[in-house]
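Coordinates in review
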Amino acid sequence: MHKVIRCVNRGFLECVVSPKYLLRPKVFKSSSAAQAPKVCVVGSGPAGFYVSQQLIKAYPKIEVDLYERLPVPFGLVRFGVAPDHPEVKNVINTFTKTAKSGRLRFVGNVNLGTDVILSELRESYHAVVLTYGAEQDREFGIPGEELPNVVSARRFVGWYNGLPADSHLKVNLETESAVIFGNGNVAVDVARILLTPVDILKKTDITEHSLAVLSQSRLKKVIMVGRRGPLNVAFTIKEIREMLKLPECKTVMDPNAFAGIREVIEGLPRPRRRLMELVCQAALDPPPPSWSDAKRTFEPLFLRSPLEFLRCSQSDRLSGVRLAVNKLSDDRAVPTGVEECLECGLALRSIGYKGIKAGKDIPFDDEKGTVLNNNGQVDGAKGLYCSGWVATGPTGVILTTMSNSFEVGHTIVQHMETGLVDISMNKPGYEAVSQILLKKGIQTVSFSDWEKIDEEEKKRGEAVGKPREKIVSVEEMLAIAAR
Ligand SMILES: Cc1cc2nc3c(=O)[nH]c(=O)nc-3n(C[C@H](O)[C@H](O)[C@H](O)COP(=O)(O)OP(=O)(O)OC[C@H]3O[C@@H](n4cnc5c(N)ncnc54)[C@H](O)[C@@H]3O)c2cc1C
Ligand SMILES: NC(=O)c1ccc[n+]([C@@H]2O[C@H](COP(=O)([O-])OP(=O)(O)OC[C@H]3O[C@@H](n4cnc5c(N)ncnc54)[C@H](OP(=O)(O)O)[C@@H]3O)[C@@H](O)[C@H]2O)c1
């Protein structure tokens, strides 16, 4: 049986989650193990924390080590969730409780694939859980995609959110028009950050370097291009409502794209119907008075796919994009043969993230970008599990990831209890891995080291009226951790 619960995350007000994993997990008594079973989890985003939480709640004797590539925890909650959505980041309080429970060891600055490899982890632990997310993004593979100012939305998000690898991204906002491809919630996040008045953004934890560029922005229009029609949008109602209410900004859509749509939305399931009613209202009804003096425009455009990013004749600069006009056939976008060009000086590709293989011995589906698995159990590898985006693919909000990770945690505990995972033999756990890391000269970061970084960021933020000023250099993070 499933239960509808209220969800604090933006994106879905209500989500269906099996109550079995949300309430008190069954507490297993350790049976045959001479010592506590040792599990390691790789990746400290929501999936890593929720799997760990489930394991330590269900199994009193278990030891869980959580390895993270960066010196700082929380994955996309820190580096993905938009700076103007601070309430979503409240899940960090739960993660912190888990980390400080005395039952979990956070080991930051350790990269699976280089600092330690999977076979070393598998030798050291009774079970290994891969929760390392989806760190790349999908590309179009069309001419001009390599031009300056044709930017991946994933990297743009990393840039404004302080991801060290993206802190030097070059973004030029000396242009009046930007185009975003894809119409999921990441595309909406990016559009909102580009269109929100800087006075609002500067009170958030957005990075100082992006704020400096955004405050010089000449952007007047952001066009969000979907390859399919209005009925196929991937964004959710809360996110689009926020765009419709954005200060100093109006939303404009071509009414012709909505021909016949109001007639079909009646028959849609309720959440989709409510979303479509709102989108139709914005496209077809008289605009609210507040839009009359808007300085900027948000323009969702439908049934278009990019064919080529165009360069200026005189330089390497992006001048526009050539588009194929599509029609829908069985809900799929099919080119009509008609083409058109859109002028723009910035183009962002927001067509989905993609997981990568963090070692040659990980069974992996390269096309989907996920670890090959059956409900979290990695194919053909006893004692190896995965959850979150690296297991399911890059869709779903934090609550979806929580539900999936609780289930995988539950499966692991069951497998230990029933002997499917052999916990009768002693395993060295962190004792062995710490030796490997020591030999390689890797400085690890504990949770209390992270708290020093956290404190420093909050102190720097306070000085400029922000909740925190994120430190974007790994070296600087490590120096603070070592104090
Ligand atoms: C831009 C953006 C905004 C979002 N906003 C919201 C929102 O507002 N509300 C909401 O509910 N959901 C939101 N989501 C969805 C939510 O972030 C995901 O559901 C969730 O973060 C997935 O969790 P995960 O643990 O699988 O992956 P991640 O959060 O990506 O965590 C993976 C972790 O693994 C680490 N890692 C990667 N490679 C290695 C390695 N080789 N070795 C060790 N560690 C490694 C990473 O550094 C990271 O910390 C957003 C997603 C994106 C992309
Ligand atoms: N505020 C929030 O709650 C929030 C914020 C950000 C992200 N998230 C969540 O994070 C997850 C990932 O978000 P996302 O926006 O990256 O992914 P998404 O929701 O899957 O959207 C991807 C978009 O890319 C389009 N696309 C994919 N391949 C394409 C191609 N080859 N050509 C043109 N368009 C293409 C898709 O169109 P088609 O539909 O036609 O395939 C879709 O519009 C989602 O579950 C999202 O809800 C939530």
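Each value, and the rule that gives it
- Residues numbered from 1 in each chain as written.
- Chains lettered and ligands numbered in written order.
- Predicted model: local features only at pLDDT ≥ 70, side-chain atom pairs only at ≥ 80, totals over all residues.
- Heavy atoms only, no water.
- Domains from an automatic or database assignment.
- Buried area = accessible area lost by both parts, 1.4 Å probe.
- Salt bridge = Lys/Arg side-chain N within 4 Å of Asp/Glu carboxyl O.
- Nonpolar A, V, L, I, M, F, W, Y, C, P; charged D, E, K, R; others polar.
- Near = heavy atom within 4 Å.
- Polar contact = N/O pair within 3.5 Å; in protein donor to acceptor, adjacent residues only side chain to side chain.
- Helix = DSSP H or I, 4+ residues; strand = E, 2+ residues; numbered from the N terminus.
- Axes fitted to C-alpha atoms, helices over the stretch in contact; angles between N-to-C directions.
- Parallel < 35°, antiparallel > 145°, perpendicular 65-115°, else oblique.
- Left-handed = near helix turned anticlockwise from the far one by under 90°.
- Contact = heavy atoms within 4.5 Å.
- Pairing = 2+ DSSP bridges.
- pLDDT = per-residue confidence, 0-100.
- Core = buried A, V, L, I, M, F, W, Y, C linked by side-chain atoms within 4.5 Å.
- Buried < 20%, exposed > 50% of the residue type's maximum accessible area, 1.4 Å probe, protein only.

Parsing the protein into structural domains produces domain 1 (26–135 + 354–445) and domain 2 (139–351). The straight-line distance from the C-alpha centre of domain 1 to that of domain 2 is 35 Å. Here domain 1 and domain 2 share an interface that buries about 1100 Å² over both sides, 54% of which is from carbon and sulfur atoms. A per-residue breakdown of the area domain 1 buries against domain 2 is headed by Phe 79, Pro 83 and Asp 84, which together make up 51% of the total. In this structure, the connection of domain 1 to domain 2 is made through two salt bridges. Partitioned by chemical class, the residues of the side of domain 1 that touches domain 2 number five nonpolar, two polar and four charged.

For the rest of this paragraph, the subject is the site of ligand 1. In the region of ligand 1, 33 residues are neighbours, and Glu 68, Leu 76, Trp 389, Gly 396 and Ile 398 sit closest. Between Glu 68 and ligand 1, the recorded distance is 2.6 Å, taken from a side-chain N or O atom to an oxygen atom. One of the backbone nitrogen or oxygen atoms of Ile 398 is found 2.9 Å away from an oxygen atom of ligand 1. Every element with two or more residues in the shell around ligand 1 is listed here: α2 (46–58), α7 (185–195) and α14 (398–418). In the shell around ligand 1, the residues fall into 16 nonpolar, 12 polar and five charged. Summarising the domain contributions, the shell around ligand 1 has at least three residues from each of domain 1 (26–135 + 354–445) and domain 2 (139–351).

Before going further, it helps to examine the packing of helix α10 (residues 237–244) against helix α12 (residues 270–284). Across the interface, α10 lies against α12 with an axial gap of 10 Å and an inter-helix angle of 20°. With respect to their mutual orientation, α10 and α12 come out roughly parallel. Taken as a pair, α10 and α12 cross one another with a handedness that is left-handed. Of α12, the residues touching α10 (which contributes Ile 237, Ile 240, Arg 241 and Leu 244) are Arg 274, Leu 275, Leu 278 and Ala 282. Grouping the amino acids of the contact of α10 with α12 by side-chain chemistry returns six nonpolar, no polar and two charged.

Once that is clear, we can look at the pairing of strand β13 (residues 304–311). Relative to strand β14 (residues 318–329), β13 runs antiparallel, the two being bridged by seven bridges. Across the sheet, Arg 304 pairs through a bridge with Val 325, a residue of β14. Hairpin connection from β13 to β14: six residues lie between these consecutive antiparallel strands.

Once that is clear, we can look at the pairing of strand β15 (residues 332–343). Judged from the nine bridges that link them, β14 and β15 form a sheet pairing that is antiparallel. Along β15, the bridge assignment pairs Leu 323 with Glu 340. The loop that links β14 with its antiparallel partner β15 comprises two residues; one of these, Asp 330, has a positive phi angle of about 50°.

With that settled, the discussion passes to the confidence of the model for the protein. Considering every residue of the protein, the mean pLDDT works out to 93; 93% of them sit at 70 or more. For residues 1–24, every residue scores under 50 in pLDDT, and the model assigns this stretch 48 contacts once sequence neighbours within four places are set aside.

Once that is clear, we can look at the nonpolar core. In terms of nonpolar packing, the biggest core is built from 52 residues, with Phe 156 and Leu 194 touching the most fellow members. If near-sequence neighbours (up to four positions away) are discounted, Phe 156 is found in contact with Val 151, Leu 169, Val 171, Val 190, Leu 194 and Leu 348. Counting 49 residues, the second-largest nonpolar core is a separate cluster that includes Val 81, Tyr 385, Leu 399 and Met 416.

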